[in-house]
Every structure is written in C-alpha cells, then in structure tokens.
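Summary of the model geometry
Spelled out, the chains give:
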Amino acid sequence: MRKKRILTWGLAIGICLILGACGGSGASDQKVYVGVTYYDQSDTFLSQLIPCFREQMDRLGDDGLDIAMTVREASGSQQTQDDQVRELINAGCNVLCVNLVDRTDPSEIIELAREKDVPIIFFNREPVTEDMQRWEELYYVGADARQSGVMQGELAAEMIRKNTRIDRNRDGRIQYVVLEGEPGHQDAIIRTENAVNTLKKNGIELEKLSYGIANWNRAQAQNRMMQMISQHPGKIELVLANNDDMALGALDAYLKLNFTETALPVFFGIDGTDVGLEAVRDGGLAGTVYNDKEGQAAAMAKLAAALVTGEGKEDISFKNKRYIYLPYSKVTSDNVDSYMGDTVKEKR
C-alpha cells in the first residue's frame, strides 16, 4: 500500500508539473506560451518584425519569466491559419499573436480562442471594428495607416517643391502612378488616399496616369510597372507605392529597361524595411515612411506577458481599451542612417 501511495503521489506531482508547463491559471510566475501565426513569409516587413518580437520575448525570459514561443506561417491561406490556431491552442498556448491572412474573416479564430479563453493580439493587419468587439480579450498592435499616407504625401510634396526637374515635361502638373497592396485592403486604400490628398493639400497639381495591384510584392510590382511604362512611355514622373517592396519593384522595372538616371521618376515607399532604407541611402528611393517594427514587437511582448501573468497591463497605453498604435516617421537621405541597424550599415 505504501508503495502504491508513493506512486500515486508521484503521478499527481508529474501531472501538476506538466500542467504548469502549459500555462496553468492565475499565477504570476506561470509560463507564457505564445503562439504566433502570420499570413505570408514573403512579406519583407513581417520577416523583420517576427525576429524582433522573438528577441523581445527572449528578453522577458532573461528577466525571469518562463517563456515559450511557437511560430507558424500560413502561406496566404485563411483555412491554413485557422487550422494553425487550433493546433497552437491544443498544444497549450495561452496567448495568441495573429497576423490575419484575411482581415475580414477572423470568425473561426476568435471562436476557437474564446472557447478556450486564450486572448488574441492581432498585429499589423487590423480586423474590422465589428470583429474586435466580439470578445473583450481581443487586442490589436500596429500603426495608423492614415499617418503613413499623410507622411508619404508630405515627403513627395517637399521633394517636388525643392526639385523642379521632377516635372520633366514642364506642364505644371506631376504625372503619377500608384502601386497598391491587396484589392480592398484597408491599409492600401487608406495609404493611397491620404498620400494623394496630402499632395493636393500642399498645392501640388497632379494627373493620375494609372495604378496597379501588386499585393505588397516586389516581383509583381515590377511586372505591373513594366505594363504602365509601356502604356505611358516617358510620361511617369512620380511613383507612390504602398510599401517599400513595391516601390523597389517599380525601380527594378526601369533598371531592367535600361533607363538613364535622368529619365527616372521619383519613387516613394512605406515601411522602412532594411532593403528600403538601403535604397533611400543609395538614392534609388526618394524616401520612405518608417513603420516602427521594434516598437510594435516590444508592445506585443509586454502585452502578451501581461495577459498571461495578470501583471503590467495597467502600465500599457491603449486607445479605446484594445488598440496600441506606434507612430510612423519620415525617412529621407538626410536622416536614413539613424534608422539603419548594424547589419544594414555593415553592407556599406
């Protein structure tokens, strides 16, 4: 009987240890097990944000928290992402960080998380307001798309005023094209509208020649730009792109066609990715708008820990109790060095 009681107690202790490793409930020293799923590994900004987030979580581990993190990539499939969330929850994740494939279709993810009481931090791709209101444990970390569009427009307006050679045909108007992200995507629409409206508010006369959907992708942007160049030979003076990759794809198209530097339009991106910053430094892009991946990663890590441990949430600055927005900033050749990390600087 004594041996049986010892075995029983040993089994009970073992079960407790296993449960503790998966999260348990209520204790501030419990394990923070973060499940991350993001829409596509080809997205350059996300490929830099995710490592920043992992680094921030590691720092929390160095400070004494018990941290685990599992990352999944959904390859552009919402069904795949739904399945990943189910697997992450079943594996014991007690907080989720989700970069939605389809920002208009988070229903299954929300229901899966709510059923198991696992809070969700959406990031970078903001769900619609109605979905964010479906449960009190839904949060968002990102940036204000309107601000990025306004800043891109301000950068372009300032350069056009300073450099009269941009208006190559001297007609008093700037002929421009736009490279947009996904069709109907909120950030793409907001970025484009605000960039154009800001240019107009700054007194820049514009003539829109064309636009192309390039799904945030450099190769697709190059193809769309090749088409627009052939449709409007020698006429394009300004390229506004919703992200750096598409701005660089547009530049690639001109270089592939062997345009001289004096015949190039000016190109503006958004995000301040490593390759985008390099292009600003080297003169390929006239400017970009820095999307604070480091700040977003730190905010996500702090919030994830607070949601699991119950400590520190009162120190987080929310908008409307659910949203954390990090500000953008303007980048030109004058200040680009201050935004470039050591890895990028070493390439000089």
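Treat the numbers as computed from the prediction; the structure is a model and nothing was measured. (Residues numbered from 1 in each chain as written. Predicted model: local features only at pLDDT ≥ 70, side-chain atom pairs only at ≥ 80, totals over all residues. Heavy atoms only, no water.)

**Comments concerning the pairing of strand 7 (residues 206-213)**
Spelled out, the test is: Strand pairing is assigned whenever DSSP detects at least two bridges linking the two strands. Under the scheme used here, helices are H or I runs from DSSP no shorter than 4 residues and strands are E runs no shorter than 2 residues, and both carry numbers assigned from the N terminus. With strands facing away from the observer, any crossover in which the path from the first strand over the helix to the second runs clockwise is taken as right-handed.
The pairing of strand 6 (residues 174-180) with strand 7 spans 7 bridges and is classified as parallel. Bridged to V177 within strand 7 is S210. Where the polypeptide runs from strand 6 across helix 7 (residues 186-201) and back to strand 7, its parallel neighbour, the crossover connection is right-handed.

**A closer look at the side chain of R125**
Put simply, the rule reads: Polar contacts here mean pairs of N or O atoms no more than 3.5 Å apart (in protein, one a potential hydrogen donor and the other a potential acceptor; neighbouring residues in sequence count only if both atoms are side-chain atoms). Contact definition: two residues touch when any of their heavy atoms are within 4.5 Å.
Within the fold, R125 resides in the loop between strand 4 (120-123) and helix 5 (129-132). At 2.5 Å, the side chain of R125 forms a polar contact with the backbone oxygen of L100. A distance of 2.8 Å separates a polar atom in the side chain of R125 from a polar atom in the side chain of E182. Setting aside anything within four residues of it in sequence, one finds R125 in contact with Y39, N99, L100, V101, Y140, E182, H185 and W216.

**Regarding the sheet that holds strand 1 (residues 32-38)**
Hydrogen bonds between backbone atoms are what pair the strands of a sheet, whose relative direction is either parallel or antiparallel. The condition is simple: Only C-alpha atoms enter the line fits that serve as axes; for helices the fit covers just the stretch in contact. Angles between N-to-C directions range over 0 to 180 degrees.
One open sheet accounts for 6 strands, arranged 2-1-3-4-5-11; its pairing is parallel. The open sheet has two edge strands, strand 2 (67-73) and strand 11 (323-325), and neither has a second partner. Across the sheet, the mean angle from the axis of one strand to that of its neighbour is 15 degrees, orientation sign disregarded. In terms of strand pairing, strand 3 (residues 95-98) meets strand 4 through 3 bridges, oriented parallel.

**Overview of the packing of helix 2 (residues 44-62) against helix 11 (residues 293-309)**
Working note: a packed helix pair is described by the angle between its axes plus the distance between those axes. Rules: An angle counts as roughly parallel when it lies under 35 degrees, as roughly antiparallel when it exceeds 145, as roughly perpendicular when it falls between 65 and 115, and as oblique in every other case. In a left-handed crossing the near helix is turned counterclockwise from the far helix by less than a right angle, and in a right-handed crossing that turn is clockwise. Three classes are used, and their members are as follows: Ala, Val, Leu, Ile, Met, Phe, Trp, Tyr, Cys and Pro are nonpolar, Asp, Glu, Lys and Arg are charged, and the others, Gly among them, are polar.
Put simply, helix 2 and helix 11 touch, their axes get as near as 8 Å, and they point 45 degrees apart. One way to sum up the angle between helix 2 and helix 11 is to call them oblique. At the point where helix 2 passes helix 11, the crossing takes the right-handed sense. Of the residues in helix 11, those touching helix 2 at F45, Q48, L49, C52, F53, Q56, M57 and L60 are K293, E294, Q296, A297, A298, M300, A301 and A305. Residue composition of the contact of helix 2 with helix 11, grouped by class: 11 nonpolar, 3 polar and 2 charged.

**Quick look at the packing of helix 8 (residues 218-231) against helix 9 (residues 244-256)**
It is at 7 Å that the axes of helix 8 and helix 9 come closest, and there the two elements cross at 50 degrees. Judged on the interaxial angle alone, helix 9 and helix 8 are oblique. Where helix 8 crosses over helix 9, the handedness of that crossing is right-handed. From helix 8, R218, A221, Q222, M225, M226 and I229 reach across to helix 9, where they touch D245, M246, L248, G249, A250, D252, A253, Y254 and K256. Classifying every residue of the contact of helix 8 with helix 9 gives 9 nonpolar, 2 polar and 4 charged.

**What about the pattern of salt bridges?**
Pairs can form between side chains of opposite charge whenever their charged atoms are close. For clarity, the threshold we go by: Think of a salt bridge as a Lys or Arg side-chain nitrogen and an Asp or Glu carboxyl oxygen that are within 4 Å of each other. With a 1.4 Å probe rolled over the protein chains alone, any residue whose accessible area is under 20% of its type maximum counts as buried; one over 50% counts as exposed, and the rest are partly exposed.
Inspection of the entire model under this criterion finds 15 salt bridges. The residue E154 makes a salt bridge to K330 at a minimum N-O spacing of 3.0 Å. Of the two residues, E154 sits in helix 6 (residues 145-162) while K330 sits in strand 12 (residues 329-331), which places them 176 residues apart along the sequence. Look at E154 and you get partly exposed, because its relative accessible area is 30%. A cluster of three or more residues bridged by salt bridges with shared partners is formed by E111, R114, D131 and R134.

**Some points on the confidence of the model for the protein**
This is how the line gets drawn: A residue's pLDDT is the predictor's confidence in that residue, given on a scale from 0 to 100.
Confidence along the protein averages 91 in pLDDT terms, with 90% of residues attaining 70 or more. Considering only residues more than four positions removed or in separate chains, one finds that residues 1-28, a stretch of pLDDT under 50, has 15 contacts. Here residues 342-348 is modelled with pLDDT under 50, and outside its nearest four sequence neighbours on either side it reaches 8 contacts, counting other chains as well.

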